[in-house]
Amino acid sequence: MEGLVHSRFNPIHATRIHYRSRLIPTFSILFSKNFTKTPVLFMKGHQSFNSVVASVQPLEASGLGRFDNTLPSKDVLQLWRSADAVCFDVDSTVCLDEGIDELAEFCGAGKAVAEWTARAMGGSVPFEEALAARLSLFKPSLPQVQEFLETRPPKISPGINELVKNLKAKNTNVYLISGGFRQMINPVASILGIPPENIFANQLLFGSSGEFVGFDVNEPTSRSGGKATAVQKIRKVHGYKALVMIGDGATDLEARKPGGADLFICYAGVQLREAVAVGADWLVFNFADLINSME
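Going by the annotation in an unreviewed UniProt entry, the name recorded for the chain is phosphoserine phosphatase, with Salix dunnii given as the source organism. Its UniProt record gives the chain a comment under Sequence similarities (unreviewed entry), which states: "Belongs to the HAD-like hydrolase superfamily. SerB family." Per its UniProt entry, the chain bears the Catalytic activity (unreviewed entry) comment "O-phospho-L-serine + H2O = L-serine + phosphate".

In structure tokens form, the structure reads like this:
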């Protein structure tokens, strides 16, 4: 796994400087002279954050009769119970919101970015195109990201903490695979006790003055099909016999490819995307359903 994680930085020759901050107790800033004409910073947080425990009820779908996959088949249940690795999407799955939408709203461009997010998650626009377009609308600076992380703790979905604990108790390895950004996912992983090497996500890039300059296009999750690539790499390295992907978007459904996930579970407790729900092996609206089905 370490080889996979570090390989994403191979194209960038960087040196590392460690800083201490009241906002983020430990993070690294990496400078690259070859990525752009100006030095580039990667901010990587590794600390425990408090979370906002969701008190809302999971979204229930109206007209469930149009879905025939809300009750798992015998084969689906067997795969779920025998999984030795489970990969979770983060935005609108592990967390109640879309991280980039929240950051955009914080920076004053929430509505425009949310519209792009809806198109991207529905699969109508290539993910890399939507990601670049959304970021170009508000160009978050390093100080803005730091302030966002300090003032807006993660909103964890109901039941996810218990589900992750139960999976770990069964010696099932848990991964976070997201089209969001490590800067915002590291706190979530810390809350759930998921190690940094089990995170596959994008990376915001900043100039030497903290200005936004882009995102790391070498991350597999920065483009369409990237989650499938990440899952395939995880499986190849560890040789998992049964791997499950759980998420709400079209990019999560893509992970169920040869050499990738054996099972895709659509979690619609936050967002119900019909095209994704129809294509899932199992459609759930509450993580309690997964917890109760583990035995």
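Still to come is the rest of the account.
Glancing now at the environment of A250. Its location among the elements puts A250 in helix α11 (residues 250-253). Along the primary structure A250 and S224 are separated by 26 residues, whereas in three dimensions their C-alpha atoms are 9.4 Å apart.

On to helix α9 (residues 182-192), then. Because an α-helix packs 3.6 residues into every turn, residues spaced three or four apart end up facing the same way. With nine of its 11 residues buried, α9 lies for the most part within the structure. Within α9 the residues assigned to the buried category are R182, Q183, M184, I185, N186, P187, V188, A189 and L192. At the C-terminal side of α9, G193 shows a positive phi close to 70°.

Right, let's get into the sheet that holds strand β7 (residues 173-181). Within the open sheet, the six strands sit side by side as β8-β7-β5-β11-β12-β13. Their pairing is parallel. Each having just a single partner strand, β8 (199-202) and β13 (282-284) make up the two edges of the open sheet. Between one strand axis and the next, the sheet turns through 15° on average, direction left out of account. Against the sheet, helix α10 (residues 226-238) engages β5 (85-88), β7, β8 and β11 (243-247), with an angle of about 155° to β7.

Calculation rules
- Residues numbered from 1 in each chain as written.
- Predicted model: local features only at pLDDT ≥ 70, side-chain atom pairs only at ≥ 80, totals over all residues.
- Heavy atoms only, no water.
- UniProt positions renumbered as here; feature names shortened; annotations may be inferred.
- Helix = DSSP H or I, 4+ residues; strand = E, 2+ residues; numbered from the N terminus.
- Buried < 20%, exposed > 50% of the residue type's maximum accessible area, 1.4 Å probe, protein only.
- Pairing = 2+ DSSP bridges.
- Axes fitted to C-alpha atoms, helices over the stretch in contact; angles between N-to-C directions.
- Contact = heavy atoms within 4.5 Å.

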